[in-house]
Amino acid sequence: MFLRELRMVLETQGLKLGILESGEDLPGSYEGSHSAVYKDPMILVGPENLTLTVHQTAVLECMATGNPRPIVSWSRLDGRPIGVEGIQVLGTGNLMISDLTVQHSGIYVCAANKPGTRVRRTAQGRLVVQAPAEFVQHPQSISRPVGTTAIFTCLAQGEPPPQITWLKNGQILEPTDHIKLKNNNSTLTIYGISQGDEAIYQCIAENSAGSTQASARLTVLWADGLPGPPQKVKATTVSATAIQVSWSEPLQNTKEIIGYVLHIRRVTDPVEMEYQEAVSKNTFQQLVTELEPSTSYSFYIKAYTSRGASKASDVMVVSTLGEVPAVPSLFIKVINSTTLQATWEPSIKLGQHEGFKLYYRRVHLSHFTGPVLLPGNTTSYKITHLDPSVVYEVKLLAYNQHGDGNATIRFASLREPVERTGLSPPCDCMKDEQANKTSATGIIIGIHIGVTCIIFCVLFLMFGLLMCKNVQEQLSTPQVPRSQRNSAGLALNGSARSDREDPDANGKQLDMNELERLFPALPSPAERHHKGTVLDPLPPTSHDETQISTLPPDEFSLVEEQSDPTFHNLPPGSHGRPRISLSQEDPVLKPAPTNEG
């Protein structure tokens with residue numbers, strides 16, 4: 001083979017390959033192997049699956065070949081870093097991990113990469129690091145009185161997780177009614193301990209990497225003189241939810257008894273779900289209520305003193321009475337003009353029931369169609385081939401071995417083809433929303449109208465008060481100062497003196513005839529002078545005759561004034577008569593002084 005236009009010298013750790021220029025003939029071979037030219041990487045030996053124990057050393061092999069020589073790298077398949085402490089990559093590409101821990105477990109990937117490219121080959125192997133079982137928490141020795149509860153805890157860890165086994169005095173301990181193992185056997189609970197429970201209890205934790213064990217002692221405290229167990233325990237079923245339990249006193253050491261404790265447990269429940277009811281020392285029966293129907297319960301009693309409890313009495317197991325199921329919730333939906341769908345919801349309140357019975361009929365008929373027997377897990381049933389012109393009555397009840405429960409009855413009409421619930425018209429949400437808006441608007445308008453009416457009423461009252469005040473001011477007498485009473489006093493007809501002295505105001509002069517009419521008993525001047533010029537108060541007049549009656553008569557007086565020349569021309573009968581005016585100075589009428597000379 002001839003190579004032209006190129007000459008290269010490749011050196012790879014002492015391996016030289018010469019490629020001659022074009023035109024040079026090779027005698028038949030050249031330095032290096034023809035098969036090593038541009039060879040892709042290849043892993044010859046990959047890592048193997050290893051299972052080791054902590055603190056050991058693991059070596060994961062990885063040998064790769066290729067031209068050029070590939071680069072070997074290591075990683076974990078889960079993406080976690082391998083770390084640097086105790087990690088070493090050997091010259092051939094092998095991975096060595098010293099002082100193994102559980103955290104070193106995982107899948108390791110060996111990759112051979114061609115330099116300068118992304119060409120690579122991989123191989124993987126699993127490393128499992130086991131750890132022998134070791135205790136995180138050892139069981140502790142305890143002392144407990146008779147009849148109480150003892151608990152031992154034994155926690156262990158390892159890889160794989162260890163299995164825990166309990167021994168009692170060297171013998172495997174099996175769970176019983178009063179001995180329970182919980183939390184993967186890590187917790188040992190002994191209920192109602194007695195003298196026979198006093199022993200050494202061992203906890204053994206074991207896995208494929210090793211085992212370990214720890215032990216603890218249970219000491220049962222027994223006080224002399226404790227009462228014996230209660231006697232003649234009886235349990236009688238009262239109802240589906242109540243049982244009557246009775247007993248009698250222990251046979252010995254009853255003087256120190258302070259009370260009894262009744263232990264109650266459903267037979268199917270574990271011992272740790274037992275609960276107690278305490279009663280006084282003079283009580284020898286107890287009604288246990290709020291129980292479940294058709295359920296078995298166990299009962300036993302202990303007598304308690306200040307020093308401890310007695311042994312447990314005999315255990316009595318009694319079942320409550322059964323009861324019929326409760327009333328189911330029934331809903332009716334109209335599917336079409338000839339089909340109804342009855343739907344009900346399963347509920348715990350129904351109690352124990354075997355199934356359902358469904359009846360239906362036309363309302364005007366007396367007999368039901370049915371019963372249609374349905375399994376207990378059924379929640380719906382379609383009634384077909386119905387008459388769309390009548391109303392139907394649907395009845396549903398649940399039943400069990402104790403009988404039929406009460407029924408739920410619904411009515412449904414098929415006259416409307418639309419789907420709707422029986423006796424429950426469909427909700428028109430838009431209409432309801434509009435009605436709500438209209439109602440709110442009406443309330444707001446009513447509030448505005450009410451406020452407006454209140455404002456108008458207030459204004460009307462204020463206006464009325466102002467009008468009343470003006471009328472009172474018009475009807476009341478104006479107050480005139482004393483200095484002006486003689487010159488500005490009121491005349492009998494309500495005119496001022498200045499108006500009377502005005503010769504042009506004839507209409508405002510006092511008419512003596514009017515005075516005679518108002519004061520018919522008015523004496524002459526001579527008689528008045530002879531009698532001391534004092535007049536009796538004026539008799540009251542009516543409102544129809546003059547307005548002067550509206551004024552108090554004790555506030556006016558008659559005054560005789562000097563005759564005026566203008567009165568000389570008065571007609572006969574009126575000449576020489578005194579002019580009379582009213583003033584508010586004195587409470588009686590007085591004649592004014594005259595000057596006749």
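What comes next is a walk through the structure. The shown structure was predicted, so the numbers you read here are calculated from the model rather than taken from an experiment.

### A few points about the state of the cysteines
Counted under the stated rule, the structure contains two disulfides. The disulfide partner of C62 is C110, and the S-S distance across this bridge is 1.5 Å. What sets the handedness of the C62 and C110 disulfide is the S-S torsion sign, and at about -50 degrees it is left-handed. A residue pair is termed long-range when its members are at least 10 positions apart, and C62 in the loop between β5 (58-60) and β6 (63-65) and C110 in strand β10 (residues 106-113) qualify at 48 residues.

### Structural notes on the pattern of salt bridges
Inspection of the entire model under this criterion finds six salt bridges. R76 is the partner of D78 in a salt bridge, and the nearest nitrogen-oxygen pair spans 3.0 Å. Taking relative accessible area as the criterion, D78 reaches 46% and is therefore assigned partly exposed. Taking relative accessible area as the criterion, R76 reaches 8% and is therefore assigned buried.

### Some thoughts on the sheet that holds strand β8 (residues 87-89)
For sheets, the rule is that strands pair by backbone hydrogen bonds, running either parallel or antiparallel. A sheet is described by the order of its strands in space; here three strands give the open sequence β5-β9-β8, paired in antiparallel fashion. The outermost strands of the open sheet, each flanked by one partner alone, are β5 and β8. Averaged over all neighbouring strand pairs, the angle between strand axes comes to 15 degrees, with direction disregarded. The pairing of β8 with strand β9 (residues 95-97) spans three bridges and is antiparallel. Directly across from V89, in β9, lies its bridge partner L95.

### So, the environment of L77
By the secondary structure assignment, L77 is in the loop between β7 (71-76) and β8. Under the relative-accessibility criterion, L77 is labelled exposed at 51%. Residues L77 and R126 lie 49 residues apart in sequence; the distance between their C-alpha atoms is 9.8 Å.

### A closer look at the pairing of strand β29 (residues 330-336)
A regular strand carries its side chains on alternate faces of the sheet. Of the strand pairs in this sheet, β29 and strand β30 (residues 339-344) are connected by six bridges, and their pairing is antiparallel. Bridged to N336 within β30 is T339.

### A short note on the packing of aromatic side chains
Under the definition given, this model contains five aromatic pairs. An angle of 55 degrees between the planes, with centres 5.8 Å apart, marks the rings of Y260 and F284 as tilted. In this pair, Y260 sits in strand β23 (residues 259-266) while F284 sits in the loop between β24 (275-280) and β25 (285-288), placing the two residues 24 residues apart along the sequence. The exposure class assigned to F284 is partly exposed, which follows from its relative accessible area of 27%. Arranged with centres 5.4 Å apart and planes meeting at 50 degrees, the rings of W344 and F356 form a pair that is tilted. Of the two residues, W344 is situated in strand β30 and F356 in strand β31 (residues 355-362); the sequence distance between them amounts to 12 residues. What makes W344 buried here is its relative accessible area of 1%. One aromatic cluster is present, formed by W247, Y260 and F284 through successive ring pairs. Directly above the ring of Y399 sits K357, whose terminal nitrogen or CZ lies 5.1 Å from the centroid.

### Re a nonpolar patch on the surface
On the surface, a cluster of nonpolar side chains totalling about 900 Å² of accessible area is made up of I443, I447, V451, I454, I455, F456, V458, L459 and M462. With respect to the helices and strands, the residue M462 is situated in helix α1 (residues 429-475).

### Some words on the sheet that holds β25
Reading across the sheet, the three strands line up as β21-β22-β25 and stay open at both edges, with antiparallel pairing between neighbours. Of all strands in the sheet, those with a lone pairing partner are β21 (231-237) and β25, marking the two edges. Within this sheet the neighbouring strands show an average axis-to-axis angle of 15 degrees, counted without direction. For β21 and strand β22 (residues 243-248), the ladder comprises five bridges, and the chain directions are antiparallel. Paired with Q231 across the strands is S248, a residue of β22.

### Re unusual backbone geometry
With an omega of 5 degrees, the peptide bond running from N67 to P68 counts as cis. Turning to its location among the elements, P68 is positioned in the loop between β6 and β7. In the segment running from E159 into P160, the intervening peptide bond is cis, with an omega of 0 degrees. Mapping P160 onto the fold places it in the loop between β14 (155-159) and β15 (163-168). The phi dihedral of N169 is positive, around 50 degrees, even though this residue is not glycine.

### A few points about the nonpolar core
In terms of nonpolar packing, the biggest core is built from 22 residues, with F152, W166, L188, I190, Y201 and L218 touching the most fellow members. In terms of nonpolar packing, the next biggest core, distinct from the first, is built from 19 residues, F356, Y360, I383 and V390 among them.

Rules behind the numbers
- Residues numbered from 1 in each chain as written.
- Predicted model: local features only at pLDDT ≥ 70, side-chain atom pairs only at ≥ 80, totals over all residues.
- Heavy atoms only, no water.
- Disulfide = S-S within 2.5 Å.
- Helix = DSSP H or I, 4+ residues; strand = E, 2+ residues; numbered from the N terminus.
- Salt bridge = Lys/Arg side-chain N within 4 Å of Asp/Glu carboxyl O.
- Buried < 20%, exposed > 50% of the residue type's maximum accessible area, 1.4 Å probe, protein only.
- Pairing = 2+ DSSP bridges.
- Axes fitted to C-alpha atoms, helices over the stretch in contact; angles between N-to-C directions.
- Phe/Tyr/Trp six-rings, centres within 6.5 Å; stacked < 30°, edge-to-face > 60°.
- Lys NZ or Arg CZ within 6 Å of the ring centre and 35° of its normal.
- Patch = residues over 30% accessible without salt bridge, like charges linked within 9 Å, V, L, I, M, F, W, Y side chains within 5 Å.
- Areas by Shrake-Rupley, 256 points an atom, 1.4 Å probe, with all protein chains shown as cover.
- Core = buried A, V, L, I, M, F, W, Y, C linked by side-chain atoms within 4.5 Å.

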